[in-house]
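Residue-level structure breakdown
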Amino acid sequence: MKPFAVLLLAVFAAVTPVCAEDITIGQSFTFQSDILDEEQSYGVALPVGYTPDQAYPVIYVLDGWELQFQAVTGIARAQNMMASVIPGAIIVALPSNDRIRDYLVSANDTNGEGEPKPWLAVAGGGERYLQVLRQEIFPRIEAAYNTKPYRVLIGHSAGSSLGLYDLMSGTSSFNAYLMIDPPVTMQRHYLLELSQTMADIEAPNRTLYVSYVPHDDGKHIAAVREMLGNIEARAPGDFRVAGQLFEKETHQSVQLESYVYGLRTIFKGYAPPPIEDAAKDPMVLVKHYADYSAKLGVEFLPDQAYTNIVAYNALNYYQWPENARQLFQMNVDNFPTSSWVWSGMGDYYAGVGEADQATKAFEKALALEAGNSYAAQRLKEVRAASR
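Residues numbered from 1 in each chain as written. Predicted model: local features only at pLDDT ≥ 70, side-chain atom pairs only at ≥ 80, totals over all residues. Heavy atoms only, no water.

Points about empty space enclosed by the protein
To keep things clear, this is the line we draw: Grid points spaced at 1 Å and placed over the protein atoms alone form the basis of the search, with a cavity being a set where a 1.4 Å probe fits but cannot get out and a pocket an open set showing protein on both sides within 12 Å along at least five of seven lines. Lining residues have an atom within 4 Å of a point. Grid points are joined across faces, edges and corners, and a volume is the space filled by probe spheres set on the points. Charged means Asp, Glu, Lys or Arg here, nonpolar means Ala, Val, Leu, Ile, Met, Phe, Trp, Tyr, Cys or Pro, and polar covers whatever is left, Gly included. Segments assigned H or I by DSSP are reported as helices when at least four residues long, segments assigned E as strands when at least two residues long, and all are numbered from the N terminus.
Tallied over the entire structure, the rule returns 2 cavities of 30 Å³ or more. When its volume is computed, the largest cavity comes out at roughly 50 Å³. As for the largest cavity, its lining consists of Pro47, Val48, Ala76, Arg77, Asn80, Met81, Ile86, Pro87, Gly88 and Ala89. When its residues are assigned to classes, the lining of the largest cavity shows 7 nonpolar, 2 polar and 1 charged. In this structure, the second largest cavity spans a volume of roughly 40 Å³. Considering the residues around the second largest cavity, the lining is formed by Val61, Leu62, Asp63, Gln68, Ile154, Gly155, His156, Ile180, Gln255 and Tyr259. Mapped by element, the contributors of at least two residues to the lining of the second largest cavity are strand S3 (56-62), strand S5 (147-156) and helix H8 (254-266).

Given below as structure tokens:
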């Protein structure tokens, strides 16, 4: 064999993966809708470290096709795990069979100038699709997963029209609405007129975030701002309204930035106190989440992943073992069936020289999740050191 061929084989051997596995973000499901008399599908992505003993808010994504599903899931996970600015959340992607039929409540088939548009001929099924959500989707999700009574709806364009109708009609099926560039001037200004005639919003602790971009010679911006002003005037004192103009984005490109800033706006105040402050006084963490829960009207426990980070810093960096114990114990008390919080408890006991308690904690972690390789390795190390 020539040297070049030998070298080529060596290169291929170096770059060819030994084992390839698919990376998945969630699961897809189908069911027969009795309301629409047709098959409906939805996708579910669980937060990193999902555990059944922790309840999670649910983010519903209209137009939830593959790209939107991946984008929202990735952004939500990153903002939770990398930045700790939003809680872990269950993502439910909803790809409609006919978005114009399902998302537009008004049957008006004209644009803002009253000109008929053939593609709007099927509009008018929005209320029926909301029934699908309330009667067929919500019960399935809430029966299958541990969910908080806190729902977020993400809708773009026609999808945002459905969300705004749900809010302005007084139904308020969701706690928060992330509406992206809504068609306020379409269908003879249907959404704008609805905001002018809507009744007072009675549901407490709601949040509305609306992003929008310049088009239609400035008429769109003016209409969106007028609509937001009308909604705010009808809202209670604890209702939060936020509008954000993206001057350099388009109707399509604005979606990505809206996911980031919209989720941060909805969960504003969730970001925990600095690590050093919480490590110095664990009650700072407890009080922070208690105050945040009171503001939203829904209980949010101290974030499992962040509490673990603070606890390890208290133990190893600041060397405050008693504070570390309180933090690790807080996680165990809040999430007793999470294998990873028991791994943390094991590390605490190993760090303070209590080998027997460390062994029990790592054994508990493995009993909860046999595939916890970290706990398995640490258990071997603790046993070897105590011989």
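Once the structure has been displayed, the description carries forward.
Considerations on helix H4 (residues 126-144)
Defined as follows: Between the first and last residue of a helix there are one fewer steps than residues, each counted as 1.5 Å, and that sum is the expected span. We define the bend at any residue as the angle between the axes fitted to the seven residues before and including it, ending there, and the seven starting there. Only protein chains enter the area calculation, which uses a 1.4 Å probe; residues under 20% of their type maximum are buried, those over 50% are exposed, and those in between are partly exposed.
Over its 19 residues, H4 extends 26 Å from the first C-alpha to the last, a length consistent with the 27 Å expected when each residue adds 1.5 Å. When the local axis directions of H4 are compared, the greatest deviation, roughly 35°, occurs at Ile137, which is followed within four positions by the proline Pro139. When we look at burial in H4, the residues that qualify are Gly126, Tyr129, Leu130, Val132, Leu133, Glu136, Ile137, Phe138 and Ile141.

Description of the side chain of His156
Keep this limit in mind: Working rule for contacts: check all heavy atoms of both residues, and any pair within 4.5 Å makes them a contact.
For His156, the location among the structural elements is in strand S5. Not counting chain neighbours up to four residues away, the residues in contact with His156 comprise Asp63, Arg99, Ile180, His251, Gln252 and Gln255.

Comments concerning the sheet that holds S3
We apply this condition: DSSP bridges decide pairing: two strands pair if at least two such bridges lie between them. Fitted lines through C-alpha atoms serve as axes, helices being fitted only where they are in contact, and the angles separating the N-to-C directions of these axes extend from 0 to 180 degrees.
Read from one edge to the other, the open sheet built from 8 strands follows the order S1-S2-S4-S3-S5-S6-S7-S8, with strand pairing classed as mixed. Edge positions in the sheet fall to strand S1 (27-33) and strand S8 (240-245), since each of these pairs with one other strand and no more. Strand after strand, the sheet turns through a mean of 20° between neighbouring axes, direction not considered. Summarising the sheet, S5 and strand S6 (residues 176-180) pair through 5 bridges and their orientation is parallel. Paired with Leu153 across the two strands is Tyr177, which belongs to S6. This element, helix H7 (residues 219-233), spans strand S7 (207-212) and S8 of the sheet and lies at about 175° to S7.

Side note on the confidence of the model for the protein chain
As a reminder of what qualifies: Residue-level confidence of the predictor is what pLDDT reports, using numbers from 0 through 100.
Mean pLDDT over the protein chain works out to 92, with 95% of the residues at or above the 70 mark. Scored below 50 in pLDDT, residues 1-13 makes 2 contacts in the model with residues more than four places away or belonging to other chains.

Overview of the side chain of Gln304
Among the structural elements, Gln304 can be located in helix H11 (residues 304-317). Look at Gln304 and you get buried, because its relative accessible area is 12%. Once you skip the residues sitting within four places of it in the chain, Gln304 turns out to touch Thr51, Gln54, Asn331, Phe335, Ser338 and Val341.

Topic: the pairing of S3
Put simply, the rule is: Viewed with both strands pointing away, a crossover whose connecting path from the first strand over the helix to the second turns clockwise is right-handed.
Counting buried residues along S3, 7 of its 7 residues qualify, which places the element largely inside the surrounding structure. The pairing of S3 with S5 spans 5 bridges and is classified as parallel. Note that in S5 the partner of Tyr60 across the bridge is Leu153. Note that S3 and strand S4 (residues 90-94) share 5 bridges and pair parallel. Bridge assignment links Ile59 to a residue of S4, and that residue is Ile91. As a crossover connection, the stretch from S3 through helix H2 (residues 66-81) into S4 is right-handed.

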